[in-house]
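Overview (structure and organization)
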Amino acid sequence: MNIGQTDFYTQAILSLAALVGLTSFLMLGQSRLLRLIFVFALQGFLLTLTTSLAAYSLGNPHLYISAALTLLLKVIFIPWMLRREVLQMNIHRDIQTLKNKTMIMLGGASLMVFSYYVLHPIVQNTAPVMLNALAVSLSVVLLGMLLMISHRQAVAHVVGFMSIENGLFFAAIVATKGMPMVVELGIAFDVLVAAVLFGIFFLHIRSSIDSLDVDLLNRLNEIEK
Amino acid sequence: MNWLIAILQSALFIILAPLLAGWLKYCKCRLQNRKAPSLLQPYQDLLKLSNKQPVVSEQASWLFITAPYLIFSATALAASVVPLIVVDLPTSASADVIVMVGFFAFARFFLTLAGLDIGTAFGGMGSSREMTISSLAEPAMLMAIFTLTMTASTTNLSGAIAHVLDEGLVLRPSFVFALFALVLVAIAETGRIPVDNPTTHLELTMIHEAMILEYSGRYLALIEWASQLKLMLYGVLIANIFFPWGIAETFALKDLGYGLLAILGKLALLAIFLAIAETLVAKMRLFRVQEYLSFAYLLGLIGMLSHIILEASR
Amino acid sequence: MIAAYFVLLIPFAGIIFFAIADSRSDMGRINVYFNAVCLLATLWLAVNVVNHGTILSANKAYIVDPFNVYLIVLTAFVGLTTSIFSAPYMAHENEIGKLTAGRLKLYYTMYQGFMLAMYLVLTTNNLGIMWVAMEGATLATVLLVSLYRTPESIEAAWKYFILCGVGIAQALFGTILLYYAAMQIGDGSNALLWSVLYENATKLNPEILEIAFVFMLIGYGTKIGLVPLHNWLPDAHSEGPTPMSAVLSGLLLNDALYAVVRNKMLVDGTTHSNIAGYLMMGFGLLSFLVGALFLHRQKDIKRLFSYSSIEHMGMMTFAFGIGGSLATYAALLHMTVHSLTKSAIFVTVGHAAQIAGTQRIEKIRGLIRTQPQVGWGLLIGTLAIAGFPPFGVFTSEFLVLLATMHSYPWLAPLVLLGIGIAFAGLFRHIQPIVYGEKPEGQLPVKANLWPVIIHLGLVLWLGLSIPGFLAHWFSQATVLISGSTPL
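On a predicted model such as this, the values are computed, not experimentally measured, just so you know. (Residues numbered from 1 in each chain as written. Chains lettered and ligands numbered in written order. Predicted model: local features only at pLDDT ≥ 70, side-chain atom pairs only at ≥ 80, totals over all residues.)

A look at the overall build of chain A
From N to C terminus, chain A includes seven helices and zero strands. Along its sequence from the N terminus, chain A presents helices and strands in the succession α-α-α-α-α-α-α. Relative to its length of 225 residues, chain A is compact, with a C-alpha radius of gyration of 18 Å against a globular reference of 17 Å. Overall, the C-alpha framework of chain A stretches about 60 × 35 × 35 Å when taken along its three principal axes. Out of the 225 residues belonging to chain A, those deemed buried represent 50%. Contacts in chain A between residues far apart in sequence, at least 24 positions, make up 71% of those at least 6 positions apart. (Helix = DSSP H or I, 4+ residues; strand = E, 2+ residues; numbered from the N terminus. Rg over C-alpha atoms; globule rule 2.2 N^0.38 Å. Buried ≥ 20, exposed ≤ 12 C-beta atoms within 10 Å, placed from the backbone. Contact = placed C-beta atoms within 7 Å.)

What follows is the structure, given as structure tokens:
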């Protein structure tokens, strides 16, 4: 099925999927925290667009609520909180050197291929559009994990964590037209609580090691020092 | 008749190029709260330069004097193959993307040779920088262009535009990426901020200006005109491939008129965006340019991948 | 069905109460009351289920069948006994200045929050809500792990938060895939309800379900503590307050396993192959062996027993993976006895650490001379968890071994080997702790050992003879999961 023959909704969803995937890659290669947070907010915004589009074209009003929740949480609240944290810690001028940036990017690309590979059995039963959307969201999840592995700042870890949520949310919207309302509210509640807890944790980590560099959290180890 | 239109279109292209540069300057000045020069200022500059006696260094060889003519004619030829207001011209048989890129490469080759020819430090430095950037920009540009041509199944520009027109409004992820990649490449190739600053002669940062530092009089006028032409070429390319609506498909006078209006509007709009971007963004360090261009390449690559993965028929 | 609502409402009331009430000295006692009332409600629920079979609430939001009702009762029971232990324990921590009154309040609020999340995981019929509640359990306990605010505890809590959060995200992806498969056969509103999916399991697309199960196993497996996703577990157990370690080991891990088994039931119904089972066997056996080996090199007593938890969770996962009625029966029994024994052990370990003033194994010595009850409790608990007859763990491990020999005889030596390694690993550490020379000036602490006595007594009882009603109950659950009657 050629893309020219699909409806406008599918085309738009595919374009948004591609852009969401791109923001994940951008986050992976970002060495400045403020820009990282900005790209994260951008991804949240793309997600809001996707949700509103789905709500509009499927005539599913409860998705508007999800879209509003996403906008509030992922585009406004969490980036605002992280930004404030970064400015307070005065680490926004630090450039964090990523070791093996090329390797990380290549790893990201292979994760994307891997997601296609994993989800390929699905394609026999459904439209290729679904495979693409699911594969992109799975790769957003995996790229979020890679982001957490490759960055050392706690703030970057939170961004990775939340972008994993973004990937899942995208899958839920595109593949299944949103989860049942209770579940979505539950997930949003969990994300909100997690965000608040992260805020509390920043406070604790800062007071205990006077930095947000997670590499310094290395006291617990199987090997006795 | 058709050939006449083709020649007229090329002439129009060449004549309009300084106007675009003037408009861009006007927008930038207004954005920066300065008083803008007249829109026709670039024409007056060109006229004044061509009336002046050129001063040529004693060390200059024949290459130095021939280069401006070669550069200008190569760029003008490239302009003649790009559809401006109408598709399906007789020139469209040779309106190939690769031909166009070839013309650009030809012009650039002579420009860098001329920069080296005179033997000054700045000329050599500028040439080396220009080559570095173009060797990175060209693959990115080709990547973006190939994404388009794969969709249209032709490398013919006219054919590609006609294909996009026929298909109507289709949102393609690959086009989004290719557009971004091409914009980034265009900025680098035409020497705009943040890659190069066309208004500065600060020795550490200049690239294009360093190469033409020794030129004066009509030679300088030709090179300036060629670079204005190049800017317009990229603008037309972006405007007509990604947003071809409005371009004339027949040779009726009414259609041609609409085509002209459409392209003028699109170019004016693009120039406004460029002016805003140039006002907001600072020029980056030379060593960051490769990062910038590899990002453009990445975008082109993703565009092509998403064409293959997301859009291809299964 | 009303009983199920009570089970959920009581801890909810508990959260509200502790959140708005002022800090007071008898919070520990009130916590015990809440849990006691909740246990009564769960018993009422259990009687209903035993008499009438599976209960489905009117809007199908909750399901209580023989499988989860026994876990609900177990959860309430361990929750109650741990709260009995935690009241004097936390008061002691408060007296010696390790905790402020405000944090004590946070502790009790989150204790009830954790219980609520656990009951919700167990009773809900909606797989999405199950995920939400599982994540909720992480969120409730993460601040408890860092309750002491030492750098180590903050690190442990951060690790716990990040690893479990990321891990469980995979489970959500699996759930979304499952929902996607379900959407293709029916309408969307009911498509995440377990009971609906279970009825229509044969119609679901097996390929999607296989992929979905892999993601769910990885996701919930992080919570179970399956190797290689177990890194958070020893840290969280060793750095948090001891009552927390008891409920994490005794309840959270069980409930995560419960979520996996629920999903396995769906996948088995769809694929007609044992792919889910093989995956669980592989991960389970690996965790079992790695957990057992790591026991040998532990220096911290709470880390020691958390590795023991990894080992036992591995064994249960393995047993559920084998499938079949015997193995399932054994796994259910093992879940029960492990919960009871492990929480009893953590209670005594908590007291032992308070006596010695440290959790370092080489500093804890001569317990039996300082405070004989604690020493004996630890010794008997360790005997029980290592699988000595006549305790219940012996029975269940023996049944697992039997089932292994029956279905996969070539795996039996590995299981035996693991049991042997674990046994040696536990005893080389525990023997000097209990019998070694008593250090100068070591004094007994105020301890409430009734939870230990009750738990170990129950485990002993289960080892000697499983009472008729309980055996009937287990059989019902086994029939539900494996499709055939045991024994």
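Section: the overall build of chain B
The helix and strand inventory of chain B stands at 11 helices and zero strands. Sequence-ordered secondary structure for chain B, helices as α and strands as β, is α-α-α-α-α-α-α-α-α-α-α. A globule of 314 residues ought to have a C-alpha radius of gyration of about 20 Å, and chain B, at 19 Å, matches this closely. Overall, chain B is about 65 × 45 × 45 Å in size when its C-alpha atoms are taken along their principal axes. The burial tally for chain B puts 49% of its 314 residues in the buried class. By sequence separation, contacts in chain B at least 24 residues apart represent 79% of the contacts at least 6 residues apart.

Observations concerning helix H7 (residues 181-209) of chain A
For H7(A), which comprises 29 residues, the first-to-last C-alpha distance of 41 Å matches the rise-based estimate of 42 Å (1.5 Å per residue) to within 8%. If you check which residues of H7(A) are buried, you get Val183(A), Glu184(A), Gly186(A), Ile187(A), Ala188(A), Asp190(A), Val191(A), Ala194(A), Phe198(A), Phe201(A), Phe202(A) and Ile205(A). Contact partners of the buried residues in H7(A): helix H3 (62-89) and helix H6 (154-176) of chain A together with helix H5 (127-145) and helix H6 (151-183) of chain C. Count one or two residues on from H7(A) and you reach Asp210(A), which has phi positive near 60 degrees. (Expected span 1.5 Å × (residues − 1).)

Concerning the confidence of the model for chain B
Residues and elements named next belong to chain B. On average, residues of chain B score 88 in pLDDT, and 99% of them reach the 70 mark or higher. No element of chain B has a lower mean pLDDT than helix H11 (residues 289-311), which averages 84, and none a higher one than helix H2 (residues 41-51), which averages 93. Both scores are given for the predicted complex: the pTM is 0.86, the ipTM 0.92. (pLDDT = per-residue confidence, 0-100.)

Let's talk about the environment of Leu260(B)
All names here are of chain B. Following the sequence through the fold, Leu260 ends up in helix H10 (residues 253-280). Owing to 19 C-beta atoms within 10 Å, Leu260 belongs among the partly exposed residues under this scheme. For the pair Leu260 and Ile247, spaced 13 residues apart in sequence, the C-alpha to C-alpha distance is 7.7 Å.

A look at the confidence of the model for chain A
The predicted model of chain A has a mean per-residue pLDDT of 84, with 92% of residues at 70 or higher. Mean pLDDT across the secondary structure elements of chain A bottoms out at helix H4 (residues 101-119) of chain A, with 84, and peaks at helix H2 (residues 33-58) of chain A, with 91.

Considering the interface of chain A and chain C
As a measure of interface size, the accessible area lost when the parts come together is often cited. Contact residues are listed per partner, giving 38 residues for chain A and 36 residues for chain C. Elements with a contribution of two residues or more to the side of chain A that touches chain C: H4, helix H5 (128-150), H6 and H7 of chain A. The element that contributes the greatest number of residues to the side of chain A that touches chain C is H7(A), accounting for 13 residues. Residues that form the side of chain A that touches chain C fall into these classes: 27 nonpolar, six polar and five charged. (Nonpolar A, V, L, I, M, F, W, Y, C, P; charged D, E, K, R; others polar.)

Some remarks on unusual backbone geometry
All names here are of chain C. With an omega of 5 degrees, the peptide bond running from Val227 to Pro228 counts as cis. Its place among the elements puts Pro228 in the loop between helix H8 (206-224) and helix H9 (232-239). Cis geometry is found at the peptide bond from Pro389 to Pro390, where omega equals 10 degrees. Mapped onto the elements of the fold, Pro390 is located in the loop between helix H15 (372-385) and helix H16 (392-407).

Structural notes on the nonpolar core
Counting residues in hydrophobic clusters, the biggest one holds 367 residues, and the most contacted among them are Val159(A), Val82(B), Ala140(B), Ala181(B), Val185(B) and Ala319(C). At 22 residues, H6(C) tops the list of elements feeding residues into this core. Once residues within four sequence positions are removed from consideration, Ala140(B) is found in contact with Ala181(B), Val185(B), Leu293(B), Ala296(B), Tyr297(B) and Gly300(B). (Core = buried A, V, L, I, M, F, W, Y, C linked by C-beta atoms within 7 Å.)

A word on the packing of H2(A) against H3(A)
Residues and elements named next belong to chain A. Axis separation between H2 and H3 bottoms out at 8 Å; the angle between their running directions is 175 degrees. Taken as axis vectors, H2 and H3 run roughly antiparallel relative to one another. For the contact of H2 with H3, the class distribution of residues is 17 nonpolar, six polar and two charged. (Axes fitted to C-alpha atoms, helices over the stretch in contact; angles between N-to-C directions. Parallel < 35°, antiparallel > 145°, perpendicular 65-115°, else oblique.)

Quick look at the packing of H16(C) against helix H17 (residues 412-435) of chain C
Residue and element names in this part refer to chain C. Here H16 crosses H17 at 160 degrees, and the two axes come no closer than 9 Å. If you check the angle between H16 and H17, you find them roughly antiparallel. Listed contacts from H17 to Glu397, Val400, Leu401, Thr404 and Met405 of H16 are Ala412, Val415, Leu416 and Ile419. Grouping the amino acids of the contact of H16 with H17 by side-chain chemistry returns seven nonpolar, one polar and one charged.

Considerations on the environment of Ile173(A)
Residues and elements named next belong to chain A. Tracing the sequence through the fold places Ile173 in helix H6. Look at Ile173 and you get buried, because 28 C-beta atoms sit within 10 Å. C-alpha separation for the pair Ile173 and Leu33, spaced 140 residues apart in sequence, amounts to 29 Å. If near-sequence neighbours (up to four positions away) are discounted, Ile173 is found in contact with Thr50, Thr51, Ala54 and Gly178.

Some words on helix H18 (residues 450-464) of chain C
Residue and element names in this part refer to chain C. Taking 1.5 Å as the rise per residue, H18 with 15 residues should run 21 Å; its terminal C-alpha atoms sit 21 Å apart, in good agreement. For H18, every residue scored as buried is listed here: Pro451, Val452, His455, Leu456, Val459, Leu462 and Gly463. End-on view of H18: buried residues confined to an arc of 120 degrees, all on one side of the axis. Residues Trp450, Gly457 and Leu464 are exposed on H18 and point more than 90 degrees away from its buried face. Turning to H18, the residues buried within the fold contact helix H3 (66-95), helix H13 (324-356), H15 and H16. (Arc of directions from axis to C-beta.)

Points about the environment of Lys446(C)
All names here are of chain C. Examined against the element boundaries, Lys446 turns out to sit in the loop between H17 and H18. By the C-beta count within 10 Å, which is 11 here, Lys446 ends up exposed. Spatially, the C-alpha atoms of Lys446 and His351 are 8.5 Å apart, while their sequence positions differ by 95 residues. Sequence-distant contacts of Lys446, defined by excluding residues within four places in its chain, comprise Pro88 and His92.

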